[in-house]
Protein chains: 2
Amino acid sequence: MAEAATRRRARGGGGAARRAERTAVSVETAKYIERNIPNYEVLNDEALEMIEHNAETVLEEIGVNFVENPRALQMWKDAGADVQGERVHIPRGLARELIKTAPSQYTQHARNPERNVVVGGNNLVFAPVYGPPFVRDNAGGRRYATMADFEKFVKLGYMSKWLHHSGGTVCEPTDIPVNKRHLDMLRAHMVLSDKPFMGSVTEPSRAQDSVDMCGILFGEDFVQQNTVMTSLININSPLTFDEVMMGAMEVYAKNNQACIVSPFIVGGAMAPVTVAGTLTQVLAEALAGVAFNQLCNPGAPVIMGAFVTSIDMNSGAPTFGTPEAAHITYGAGQLARRLGLPYRSAGSFNGSKLPDAQAAYETANSLNMGLLSGVNFMLHSCGWLEGGLVSSFEKFVMDADQLGVYHHLAQGIYTDENGQAMDAIREVGPGGHYLGCAHTQANFKSAFWRSEMLDYKPFEQWADEGAQDTMTLAATRVEKQLANYQQPPLDPAIHEALDAYVAEKKASMPDAFS
Amino acid sequence: MAEAATRRRARGGGGAARRAERTAVSVETAKYIERNIPNYEVLNDEALEMIEHNAETVLEEIGVNFVENPRALQMWKDAGADVQGERVHIPRGLARELIKTAPSQYTQHARNPERNVVVGGNNLVFAPVYGPPFVRDNAGGRRYATMADFEKFVKLGYMSKWLHHSGGTVCEPTDIPVNKRHLDMLRAHMVLSDKPFMGSVTEPSRAQDSVDMCGILFGEDFVQQNTVMTSLININSPLTFDEVMMGAMEVYAKNNQACIVSPFIVGGAMAPVTVAGTLTQVLAEALAGVAFNQLCNPGAPVIMGAFVTSIDMNSGAPTFGTPEAAHITYGAGQLARRLGLPYRSAGSFNGSKLPDAQAAYETANSLNMGLLSGVNFMLHSCGWLEGGLVSSFEKFVMDADQLGVYHHLAQGIYTDENGQAMDAIREVGPGGHYLGCAHTQANFKSAFWRSEMLDYKPFEQWADEGAQDTMTLAATRVEKQLANYQQPPLDPAIHEALDAYVAEKKASMPDAFS
């Protein structure tokens, strides 16, 4: 009397159609998610007000450090803050007042206007993994990332239907000098994909290079009038803003380019071990960072970020997909909405060394909370492995496939006459089955989300075909997507101008590897 | 500038403490979950009322079949239904009226009172996988389940800290005759574990055996006055109630034992392909089934179940962890709460052949929605593999470990003075770190959930120790838990009486294998 036993009756044909679908080349990209479902709110108003009060206390009494940045300190002084050395004490309410000029949503343009994304509101934009120095694949194992790896990830991102954004440092191309790699990375995003992308933040001059290369790609006037990049500005938690990140942010803000201002927190190390304490610090840091962004240019697009994870207090290792990270992600979403700011959090986070069950449990926990917490921009939505040390090729396509789940979840439940399906229930009646009924025939193609890479085969067929696990299926999909990749068309004059810019910049300075 | 790069600073010692914890034998069982977080509600009142209206229309106009069950038909006639042959047309509002006698929550007693569970309200009780004819482990692959496998699963359940319930048919012991295996299964739950368990439903006589054996274990008076079993009554969807299940339910209801009345639906096969249509059928079936339960004995404890999954319209395979299943699980939870009934749904559902990434993505999707949808009794919360055809030893311990995530998530966010952690933020200040501060020292042991089996090691150590994936770690944990298992004490007289009952019953009938 197993529940499983009854399922056999549901099996049927359709194998040929499935095989045909699997061999088709697709560069279709789904529109960013427009949620038609509510956000999950874990904190009540009283708790939110308490955290907001405490965050203002932190800003006023403890203050934040703007390090080696006399100009920032002067801007804060001019805005009414109490500046003592590098410590900025922000009077209660000042930061909140300053951020009122920040837009609640903005459009990031792509070179293909069909790929434009609107960040904010009920929307959710997925961007890939960012920052790992290593890559991993089934065939080659774990190794330092190269520019060739970087280009493969950009191609996979372009081929991923549920991924809206090409991202930024999808892995660190460690074979290119540190002071030049941003040029190659930007060119790869611009040439190999037509999805929106991120700019460099590792030096203010490299942020300027990013703006200048966008001028070539989009036209300088267009860039001055439109947002064409969303870039990641990490706060050096706790409560510290370094001059490199702030300098890069200043360049972007003054050019009306979007920044994610993001506390970077491993709870228990860079923030208190409690959730409410961490949320207080996250809010204080975001308020100070976003306010400084608006001081640089009132009205510049800016996202409130929260990169927060927990720590294994036994080993000191950061941990992912944990309940505490979920609490913080839900709570920070509520705080961002009360500020009227777009929100960045969650991702394909996990601490596993392999794209195995641990990786998937932790990732699914994080992606689910990301959808329900109201995240607007999800960096790291696919490809993250080993606590962010590794970009995994197999996990990239596994996660990118799972992102389809969230597109369908976010649609909500259709309750029109077709959704109610009363005619079908009448037609089939007690003891019948719905496989052949008119309503099923009319709706089956769009009714259920289906994975393009997971295994739905009968056991015997699966066994005959080599009993492949998910990682093996993913390795095949990586190969197939790269083989099917075709570069999106780009005006040859623009392509040449980008190449010339990169060549000239590279020739203008000696290599640096640190 | 990887986010990953910064994490290294969070690493530290504690390895010795971790190793000590890992070698300790533990039969600690966490209390069932008492949620301190809100439920996620995807349907608005208008949609809920529409579905409720449609479900009543289904019951009145289409009706339900009670097959080969003249007594049930007479009971329905006496209650005011319009019975035509085996078809029962239930007038609008009648079923809803009948279920008002069902309790909104009940206590299921275990032979160890510390393991009692309260089903209903904000609570969530985890029970293991139910029903698979096959088992799988890393060493032996997939094979028909035996009684020896069954006993191993009961032992693993007893050893699982986050599992509150021993379950029922954790796998089908196919080496025991069909008409006798319920006796061995019940004895195993009663003797090898002291957690609450489920009764047999495959024949009314076997339900009676279950009641009688509970009489031996708990005392007959106790059983008549208390609920000591929760048993699974599947509806033969669409809209059909077979005589075996209804007969078993009658036995349980009359003895005040709890039943889960559960539509069993693969959407598109046993229900419409749309979510709202499926919810309508789920509600109609649950209303009819729970009402019949109350006709058998007003006030008997009963759970509204919803086992619902989607179908891959290409292959006909049932699919798990899908967005449509999530919609239905959230929606059915709302409908159950409006009826004031405890709710059963979700589980460690997946369609994978192996405990790999596919299994974990799909399982985590389902477990997350189970927590947030307000499920009160989660059958299949660990160990499910391959669409329910297989009970997996490795997946059992992997899932059982993950269930800890939901215990911590459900605690909600502490906002007392210690939770706010303002002293810690003051103490550490900008640029410091929290690892050594007083607040961290006072809270670190309980602050973060940590897995007892996933890998948190540094890469080099992990590689040196064999680069084990999650399945390999789980296989080790299975072995260790079985090696550490110690049978909970049981009065020898009761043990002998149970053995005698089983022996006598078995001797009284010939073997049957179908």
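Residues numbered from 1 in each chain as written. Chains lettered and ligands numbered in written order. Predicted model: local features only at pLDDT ≥ 70, side-chain atom pairs only at ≥ 80, totals over all residues. Heavy atoms only, no water.

1. Some points on the overall build of chain A
- Along chain A, the regular secondary structure elements total 20 helices and 19 strands.
- Dimensions of chain A, computed from C-alpha atoms along their principal axes, come out at roughly 75 × 60 × 50 Å.
- For chain A, with 514 residues in total, the buried portion stands at 68%.
- Excluding contacts between residues fewer than 6 apart, the proportion of contacts in chain A whose partners are at least 24 apart in sequence is 77%.
- For chain A, the accessible surface area stands at approximately 16200 Å², while carbon and sulfur atoms represent 49% of it.
- Side-chain charges of chain A comprise 42 positive and 58 negative groups, with the mean position of each set lying 6 Å from the other. (Helix = DSSP H or I, 4+ residues; strand = E, 2+ residues; numbered from the N terminus. Buried < 20%, exposed > 50% of the residue type's maximum accessible area, 1.4 Å probe, protein only. Contact = heavy atoms within 4.5 Å. Areas by Shrake-Rupley, 256 points an atom, 1.4 Å probe, with all protein chains shown as cover. Lys, Arg positive; Asp, Glu negative; His and termini not counted. Charge placed at Lys NZ, Arg CZ, Asp CG, Glu CD.)

2. Comments concerning the sheet that holds strand 8 (residues 134–137) of chain B
Residue and element names in this part refer to chain B.
- Strand order in the open sheet formed by four strands is 9-8-19-18, and the pairing between neighbours is mixed. Edge strands, defined here as strands with exactly one partner in the open sheet, are strand 9 (141–144) and strand 18 (384–385).
- Examined bridge by bridge, strand 18 and strand 19 (residues 390–392) share two bridges and lie antiparallel to one another. Bridge pairing in strand 19 links Trp-384 to Ser-391. (Pairing = 2+ DSSP bridges.)

3. Concerning the relation of the copies chain A and chain B
- Overlaying chain A with chain B gives an RMSD of 0.0 Å, the required rotation being 180° about an axis along which the chain moves by 0.0 Å. On this basis, the relationship between the two copies can be described by a two-fold rotation axis. Residues of chain A ranked by C-alpha distance from the rotation axis are headed by Ala357(A), positioned 2.1 Å from it.
- In this assembly the copies share their binding face: 100% of the residues contributing to the interface of chain A also contribute to that of chain B. (Least-squares fit on C-alpha atoms with pLDDT ≥ 70 in both.)

4. Considerations on the sheet that holds strand 4 (residues 87–89) of chain A
Residue and element names in this part refer to chain A.
- The four strands are arranged 3-4-2-11 in an open sheet whose pairing can be described as mixed. Two strands bound the open sheet, and with one partner strand each, they are strand 3 (82–84) and strand 11 (240–241).
- For strand 2 (residues 64–66) and strand 4, the ladder comprises two bridges, and the chain directions are antiparallel. Among the inter-strand pairings, Val-64 is bridged to a residue of strand 4, identified as Val-88.

5. Regarding the pairing of strand 8 of chain B
Residue and element names in this part refer to chain B.
- Neither face of strand 8 is left uncovered, since the one carrying Phe-134 and Arg-136 and the one carrying Val-135 and Asp-137 both have all their residues buried.
- Examined bridge by bridge, strand 8 and strand 9 share four bridges and lie antiparallel to one another. Counterpart to Asp-137 in the pairing with strand 9 is Gly-141.
- With antiparallel pairing between neighbouring strands as the criterion, strand 8 and strand 9 make up a hairpin whose turn holds three residues.
- One ladder, built from three bridges, connects strand 8 with strand 19; its direction is parallel. When the bridges of strand 19 are listed, Arg-136 appears paired with Ser-392.

6. Looking at the pattern of salt bridges
- Here the structure, examined in full by the defined rule, presents 52 salt bridges over all chains.
- Between Glu52(B) and Arg338(B) there is a salt bridge, with the nearest N and O atoms lying 2.8 Å from each other. With a gap of 286 residues between them, Glu52(B) in helix 3 (residues 45–62) and Arg338(B) in helix 12 (residues 323–339) connect regions that are remote in the sequence.
- Given a relative accessible area of 35%, Arg338(B) falls into the partly exposed group.
- When salt bridges with common partners are traced through the structure, they connect Asp184(A), Arg187(A), Asp499(A) and Lys506(A) into a single cluster. (Salt bridge = Lys/Arg side-chain N within 4 Å of Asp/Glu carboxyl O.)

7. Regarding the nonpolar core
- Among the nonpolar cores identified, the biggest contains 357 residues, and Phe66(A), Trp76(A), Phe66(B) and Trp76(B) are the most heavily contacted of them.
- If we ignore the near neighbours within four places in the chain, the residues touching Phe66(A) are Ala72(A), Leu73(A), Trp76(A), Glu86(A), Val88(A), Phe241(A), Met246(A) and Phe292(A). (Core = buried A, V, L, I, M, F, W, Y, C linked by side-chain atoms within 4.5 Å.)

8. Focus: the interface of chain A and chain B
- Counting residues at the interface gives 148 residues for chain A, matched by 148 residues for chain B.
- Taking both partners together, chain A and chain B bury about 12300 Å²; carbon and sulfur atoms supply 65% of that area.
- Applying the counting rule to chain A against chain B returns six salt bridges.
- Measuring nitrogen to oxygen at the nearest pair gives 2.6 Å for the salt bridge that ties Asp455(A) to Lys353(B).
- A per-element tally of the side of chain A that touches chain B places helix 13 (residues 357–372) of chain A first, with 10 residues.
- By residue class, the composition of the side of chain A that touches chain B is 69 nonpolar, 52 polar and 27 charged. (Buried area = accessible area lost by both parts, 1.4 Å probe. Nonpolar A, V, L, I, M, F, W, Y, C, P; charged D, E, K, R; others polar.)

Limitation: the analysis is restricted to geometry and does not speak to function.
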